[in-house]
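The lines below spell out each chain.
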Amino acid sequence: MTERPARRLLAVFAAVSVVAGVFVLGKAYSAGQGRDDLSEKDRKRVAAVTRLTTDFSAAEQYEAMSGGAATSLASVNLNSFSHFSENISFAEEETFKLGNALFQKLWVSSPSSTQASDGLGPFYNARSCQSCHIKDGRGHPPEGADDATSMFLRLARAAVTPEEEARLKDFSEMSLPDPIYGRQLQDLAVPGLKAEGRMVIDYTEEAVTLAGGEVAMLRRPTYSVADLAYGDLDRTTTLSPRVTQPMLGLGIVQAIHEADILALADPDDADEDGISGKAAVAIDPKTGKRTLGRFGWKAQSASVRQQSADAFAHDIGISTPEVPLHQGDCMAAEAACLERPNGVQARLGDVEAPPPIMDLVTFYAENLAVPARRKASFAETLAGKRVFYETGCTSCHQPKFVTRRDAANKAHAFQLIWPYSDFLLHDMGEGLADGQAVGVATGQEWRTPPLWGIGLTKTVNGHTFFLHDGRARNLTEAILWHGGEAKAARDRFTTLEKQDRDALLTFLESL
């Protein structure tokens, strides 16, 4: 009974770093400006604590506490991504565990004797949230004939009518579905139906020579669809491969004030540094108003709840109050799918996953803790941190923020966090382009993914596949695929001496 309070006490020390003040040299951006949740005194503290350091002789104060007081201090193992935030209440721990049970719940097709669990599909990619987000971590490309669960193809086509163009322009739709197969290719179906089709990946390899003569092999994927069961895709439909992202720290990302993310945006590259971060636009499902998108590969979702509801609908085929599609992603052309019974139970509500389920799953997703850093103060880690900064990686991978004082959950409020992301859209070049526009994101733009927890991918998920489609087999390949706005930083990496490249990788593995 003594371990838990002791761990909580250590976590609390991380939160007071903002109050105590951690003054470092350098300036990344004017954090705190425009924040309506802070006093003038707090604004100055936030601006000071979030400045980029220029001192790499030691770890910054509380740098190891990536998620502030919410950071998980548990031992590193297979469950490192599955712990609850250290600073939630005892009552909230029960809510988290109930949400976890629903996150792992296997849904079944309708009709079923297990009425509270039916409604699967009729087309789907997985039977549970956990099936895609394995151990709450990172998905990977298929490694066998039946191993596509944590990767899927998003579908989108061009507008053909003024009405469709208007819906895209006002963001009532972020993209347009394929007329037959909808917004996502589902490779599984309930008994009696044929699945829509299956993803096919072909790789070619190309060599990149690094300073000192080391050669890295990059694999370039091409995507197609086989065994289409209901006709051809629209000629303008694009295929965007997506591996599932880690679930870490979503609640504290949601608690970052919009003003601090917008302060980093420079869509027209006014400062001529080659970096043109652009804020994503999403629609708040509660108000119907435009807001900042910050979740998903193209930052198409504004909140954890919205992201969860979209996944329920398109990955599992379960309706929610936010996305009340009882037949999931079925389209009018898929008549057999639309004729299947759904899992709505009148005594439980109007949808298959009514509000109590969404409340619990959302709370769980919002409170999965970020693991503490490892070896943050080691000499080689600090040397790698210097290289990370000097090569320009922090232009997009913004190290730290201080969350809102008025966050909806007290556990997320006024925390110094280290996500290493600006949560903006960046042009990553033709090499990583999927050709698929989503909201304001073009076919070459992607949201900067947070780096926290990246060094534990092998431990938790048993692989080291990175980027939106898992093409990179290690961190070196992931860096070498950076193009567009990140090309200059990528080129600097290729010219580093091997000792410096290794140090940079050591730093990334400590996150």
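Note: the structure precedes this text.
Residues numbered from 1 in each chain as written. Predicted model: local features only at pLDDT ≥ 70, side-chain atom pairs only at ≥ 80, totals over all residues. Heavy atoms only, no water.

(A) Representation of the overall build of the chain. Each helix and strand in the chain was counted, giving 15 helices and 12 strands. Against the compact-globule benchmark of 24 Å for 511 residues, the chain has a radius of gyration of 23 Å, which places it among compact chains. Summarising its shape, the C-alpha atoms of the chain cover approximately 65 × 55 × 45 Å along the three principal directions. Within the chain, the fraction of its 511 residues that count as buried is 56%. Expressed as a percentage of contacts within the chain between residues at least 6 apart in sequence, the contacts between residues at least 24 apart total 70%. Just so you have it, the chain exposes about 21100 Å², and 54% of that area is on carbon and sulfur atoms. Of the charged side chains in the chain, 53 are positive and 67 negative, and the gap between their average positions amounts to 5 Å. (Helix = DSSP H or I, 4+ residues; strand = E, 2+ residues; numbered from the N terminus. Rg over C-alpha atoms; globule rule 2.2 N^0.38 Å. Buried < 20%, exposed > 50% of the residue type's maximum accessible area, 1.4 Å probe, protein only. Contact = heavy atoms within 4.5 Å. Areas by Shrake-Rupley, 256 points an atom, 1.4 Å probe, with all protein chains shown as cover. Lys, Arg positive; Asp, Glu negative; His and termini not counted. Charge placed at Lys NZ, Arg CZ, Asp CG, Glu CD.)

(B) Structural view of the state of the cysteines. Scanning the entire structure with this criterion turns up one disulfide. The disulfide bridge from cysteine 330 ends at cysteine 337, spanning 1.4 Å between sulfur atoms. For the pair cysteine 330 and cysteine 337, a shared accessibility class is recorded, and that class is buried. With no disulfide partner, cysteine 396 has as its closest neighbouring cysteine sulfur the one in cysteine 393, 9.0 Å distant. (Disulfide = S-S within 2.5 Å.)

(C) Here's a closer look at helix α8 (residues 304-316). Here α8 is 13 residues long and its end C-alpha atoms lie 17 Å apart, about the 18 Å a rise of 1.5 Å per residue gives. Among the residues of α8, Val304, Gln306, Ser308, Ala309, Phe312, Ala313, His314, Asp315 and Ile316 are the ones counted as buried. Looking at the packing, one finds that the buried side of α8 touches β1 (123-124), α4 (129-132), β2 (151-156), α6 (250-254), β7 (280-283) and α10 (355-366). (Expected span 1.5 Å × (residues − 1).)

(D) Representation of the pairing of strand β4 (residues 198-209). Where β4 lies against strand β5 (residues 215-226), 12 bridges are found, and the strand directions are antiparallel. Bridge pairing in β5 places glutamate 206 opposite leucine 218. The turn joining β4 and β5, which pair antiparallel and follow one another in sequence, is formed by five residues; a positive phi near 90 degrees is taken by glycine 212. (Pairing = 2+ DSSP bridges.)

(E) Focus on the packing of aromatic side chains. Applying the stated criterion across every chain, the model contains 12 aromatic pairs. Aromatic pair phenylalanine 388 and tyrosine 420: ring centres 5.8 Å apart, planes at 80 degrees, arrangement edge-to-face. Of the two residues, phenylalanine 388 sits in helix α11 (residues 379-390) while tyrosine 420 sits in the loop between β10 (416-417) and β11 (425-427), which places them 32 residues apart along the sequence. Among the residues examined, tyrosine 420 registers a relative accessible area of 1% and is labelled buried. In this arrangement the basic side chain of arginine 405 is found over the ring face of phenylalanine 414, its NZ or CZ atom lying 3.7 Å from the centre. The positively charged end of arginine 471 is found above the aromatic ring belonging to tryptophan 481, 4.4 Å away from the centroid. (Phe/Tyr/Trp six-rings, centres within 6.5 Å; stacked < 30°, edge-to-face > 60°. Lys NZ or Arg CZ within 6 Å of the ring centre and 35° of its normal.)

(F) A look at the pairing of strand β6 (residues 238-243). Of all six residues in β6, five are buried; the element is thus mostly enclosed. Strand direction decides the pairing type here: β2 and β6, joined by six bridges, are antiparallel. Its bridge partner being in β6, leucine 155 is matched across the sheet by leucine 239.

(G) The arrangement of the environment of glutamine 415 in detail. You can see glutamine 415 is positioned in the loop between β9 (401-402) and β10. On the basis of relative accessible area, glutamine 415 is assigned to the buried category, the value being 5%. The sequence separation of glutamine 415 and alanine 189 amounts to 226 residues, and the corresponding C-alpha distance is 44 Å. Within the local environment of glutamine 415, its side chain forms a polar contact with the backbone nitrogen of alanine 69, the two atoms lying 2.7 Å apart. In this structure the side chain of glutamine 415 is engaged in a polar contact, spanning 2.9 Å, whose partner is the backbone oxygen of alanine 413. (Polar contact = N/O pair within 3.5 Å; in protein donor to acceptor, adjacent residues only side chain to side chain.)

(H) Up close: the pattern of salt bridges. Counted under the stated rule, the structure contains 29 salt bridges. Notably, a salt bridge pairs aspartate 42 with arginine 405, separated by 2.6 Å at the nearest N-O pair. Of this pair, aspartate 42 sits in helix α2 (residues 40-49) while arginine 405 sits in the loop between β9 and β10; the two residues are 363 residues apart in sequence, bridging distant segments of the chain. The exposure class of arginine 405 is partly exposed, given its relative accessible area of 38%. Notably, a salt bridge pairs aspartate 434 with lysine 298, separated by 3.0 Å at the nearest N-O pair. On the criterion of sequence distance, the pair formed by aspartate 434 in the loop between β11 and β12 (445-447) and lysine 298 in the loop between β8 (290-293) and α8 is long-range, its members being 136 residues apart. Linked through salt bridges whose partners overlap, the residues forming this network are Glu60, Glu63, Arg373, Lys385 and Lys400. (Salt bridge = Lys/Arg side-chain N within 4 Å of Asp/Glu carboxyl O.)

In short, shape yes, function no, at least from these values alone.
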